[in-house]
Amino acid sequence: MKSLRELYKIGKGPSSSHTMGPQKAAKIFVESNRDASLFDVILYGSLAATGKGHMTDVAIKEVLDKVAPVNIIWRPDVFLPFHPNGMKFIAYSDGKTIKNEWAVYSIGGGALSEGKGEKDMFNSPEVYELNTMTDIMKWCERTGRNYWEYVQLCEDESLWDYLSTVWQTMKQTVERGLKHEGRLPGPLNLPRKAPTYFIKASGYKQSLQTRGLVYAYALAVSEENASGGTIVTAPTCGACGVLPAVLYHISNGHEFNEAQILHALATAGLVGNIVKQNASISGADVGCQGEVGVACAMASAAACQLFGGSPSQIEYAAEMGLEHHLGMTCDPICGLVQIPCIERNAFAATRALDSNLYAAFSDGSHRVSFDRVVEVMKRTGHDIPSLYKETSEGGLARGFKDDMTDESV
């Protein structure tokens, strides 16, 4: 597995795979083609189907337009074999002669791949020897250590400074989102809800206040993401509200120091990394189970560790967080990371707290392992028709699209 720096990325929303990834690719391509007179960028599959709602074209043009005019070509009907989020950059030397071209894929969480295996330019070093939760849990039990200590063993010391920056960014995003009011961008005319939920939560008794505050924190981050604000992929932009909401709530309500929060972030990252390595965190590849489901598993593990869970209880909490999102489709209305994405973040955050509590009542033993659920999630995701994987052609998106005019979409 790669470093957690490649899982937790700090950047602007609304989509890690549809905005951050394509913009990163454009920056790489433009560096070797600054003398181009024209660019064509062909977007395939999911990138084309929901690219306008995710502002994929805006992100690419922001980079390439500074050098030469850009034509965006949309091919939602063509799915390249390596990944549904394929794109091809073409540079022309005189407006008609191809100077250079490059095919690349945005594979989730802002990561890129050329689909070339070991020869891939994005093939960074592996830093984790163990790649499954079962093997790492056995290491924990054998050594008397916890998951975050395995992260510490594999990563260099600078990771803790990076995770500190990640945590500060998460907190700032929550607090910024709680203060922002008004309408989110796009044709849905969706109002921000985080400030209202935060105020209303204070009027409820303690048991309900907890839920209301967690809703507010998750909404705050997800709404910042939907408006193009700065967030941390955890593991993606579309699922970025779950982990910050849980950690922000726990850190405010209990006397955990920063080191403990960073250790929880490390464990959460390890959970996300395992899924990224053995399955996928891309909604276009496996549906929303790979985004919000994985985010819930990450937050469940982090919460369980903070409250003193054993390695087996932490693994159980993560397993429940993911298992109960199996089969979740990705069907964003109008291709925007708003409906149902924002509410899903809020519900997954509370489900993570429930997973921690359920695991805490247990001794950690259970029949279905986290690794087994990851395997099932991958197979389920590939069995789901592409209609329901970030194309905005099926599910919730289809019914809404039928009611809208072409002009408004």
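None of these values were measured; they are calculated from a predicted model. (Residues numbered from 1 in each chain as written. Predicted model: local features only at pLDDT ≥ 70, side-chain atom pairs only at ≥ 80, totals over all residues. Heavy atoms only, no water.)

Draft legend 1. The arrangement of the overall build of the chain in detail. A count of helices and strands for the chain gives 16 helices and 7 strands. When the backbone C-alpha atoms are referred to their principal axes, the chain occupies close to 65 × 50 × 40 Å. Buried residues in the chain amount to 58% of all 409 residues. Here the analysis covers contacts within the chain between residues at least 6 apart in sequence; of these, 77% occur between residues at least 24 apart. Within the chain, one finds 38 positive and 46 negative side-chain charges whose respective centroids are separated by 2 Å. (Helix = DSSP H or I, 4+ residues; strand = E, 2+ residues; numbered from the N terminus. Buried < 20%, exposed > 50% of the residue type's maximum accessible area, 1.4 Å probe, protein only. Contact = heavy atoms within 4.5 Å. Lys, Arg positive; Asp, Glu negative; His and termini not counted. Charge placed at Lys NZ, Arg CZ, Asp CG, Glu CD.)

Draft legend 2. Representation of the packing of aromatic side chains within the structure. Per the counting criterion, the structure on display carries 15 aromatic pairs. Both rings, one in Trp148 and one in Trp160, keep their centres 6.2 Å apart while their planes meet at 75 degrees; by these two values the pair is edge-to-face. Remark: Trp160 occurs in helix α6 (residues 158-179) and Trp148 occurs in helix α5 (residues 147-154); sequence separation between them is 12 residues. Overall, the relative accessible area of 13% leaves Trp160 in the buried class. What links up through ring pairs into an aromatic cluster is the set Phe29, Phe39, Phe89, Trp102 and Phe122. (Phe/Tyr/Trp six-rings, centres within 6.5 Å; stacked < 30°, edge-to-face > 60°.)

Draft legend 3. Quick look at the sheet that holds strand β5 (residues 98-108). What the 5 strands build is an open sheet, ordered β3-β2-β4-β5-β6; its pairing is mixed. In this open sheet, the two strands that pair with only one neighbour each are β3 (70-75) and β6 (111-113). Taken pair by pair, the neighbouring strands of this sheet meet at an average axis angle of 25 degrees, ignoring direction. Where β5 and β6 come together, 3 bridges link them in antiparallel fashion. Residue pairing in the sheet places Ser106 in a bridge with Leu112 of β6. Packed on one face of the sheet, helix α1 (residues 16-31) meets β2 (38-44), β4 (86-92), β5 and β6 and runs near 150 degrees to β5. Sitting on the sheet, helix α3 (residues 56-64) is in contact with β2, β3 and β4, with an inclination near 155 degrees to β3. (Pairing = 2+ DSSP bridges. Axes fitted to C-alpha atoms, helices over the stretch in contact; angles between N-to-C directions.)

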